[in-house]
Amino acid sequence: CISYIEHDILCENAYRRNAMLTLDFKEDDNDDVEIDGPGIPVVDSEVQNELMAMNFFERLDNIEQLMKQAAGESLPEAYAAEEDGMDAHGEVWFQCDLQNLRILKAITLDSMGQSAKALPLWEECIEFTETKLPPNDESSIVVRVQAAEIMEHV
């Protein structure tokens, strides 16, 4: 048996890291288990591609809403109206979800010619890679290059 965990999951708490290591790539039918937030990262390549296919303004609105959800601040309106006990209550998504959303927002702002607004997001991304990921992680280099390119336009 080979265990594998993505580098951006290493910054999560022990429960989440262990849960990711025990994934057997099968659907779990056990709905009785309550966990603090989602069991796997939400902002995967499919979500990212869906967001990037939207126009700039719609994308920014959706990213903002997802960032609030990821931080445990709000749920979609469809869930908020239901009386099923689903409430954010501080439950947060994976930290890499927030990082991916910051990256998408920074790319979008830069594409709109708003480099000055994108730069602080790239700086947050750099801080994330410095404090949450292993030293010399390849994503650290990528976000630093993006920030340097943005600095040329600011």
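Structure first, text after, so check above.
Overview of the structure. (Residues numbered from 1 in each chain as written. Predicted model: local features only at pLDDT ≥ 70, side-chain atom pairs only at ≥ 80, totals over all residues. Heavy atoms only, no water.)

1. What about the side chain of Thr-129?
Alright, step 1. Counting through the fold element by element, Thr-129 comes out in helix H6 (residues 115-132).
Alright, step 2. Overall, the relative accessible area of 3% leaves Thr-129 in the buried class.
Alright, step 3. If near-sequence neighbours (up to four positions away) are discounted, Thr-129 is found in contact with Gln-99, Ser-139, Ser-140 and Val-143. (Helix = DSSP H or I, 4+ residues; strand = E, 2+ residues; numbered from the N terminus. Buried < 20%, exposed > 50% of the residue type's maximum accessible area, 1.4 Å probe, protein only. Contact = heavy atoms within 4.5 Å.)

2. Brief notes about the packing of H6 against helix H7 (residues 138-153)
Alright, step 1. Running from N to C, H6 and H7 point in directions that differ by 155 degrees, and their axes come no closer than 9 Å. By the angle between their axes, H6 is roughly antiparallel relative to H7. Here H6 and H7 pass one another in a crossing that is left-handed. Here Ser-115, Leu-119, Trp-122, Cys-125, Ile-126, Thr-129 and Glu-130 of H6 lie close against H7, whose contacting residues are Ser-139, Ser-140, Val-143, Arg-144, Gln-146, Ala-147, Ile-150, Met-151 and His-153. (Axes fitted to C-alpha atoms, helices over the stretch in contact; angles between N-to-C directions. Parallel < 35°, antiparallel > 145°, perpendicular 65-115°, else oblique. Left-handed = near helix turned anticlockwise from the far one by under 90°.)

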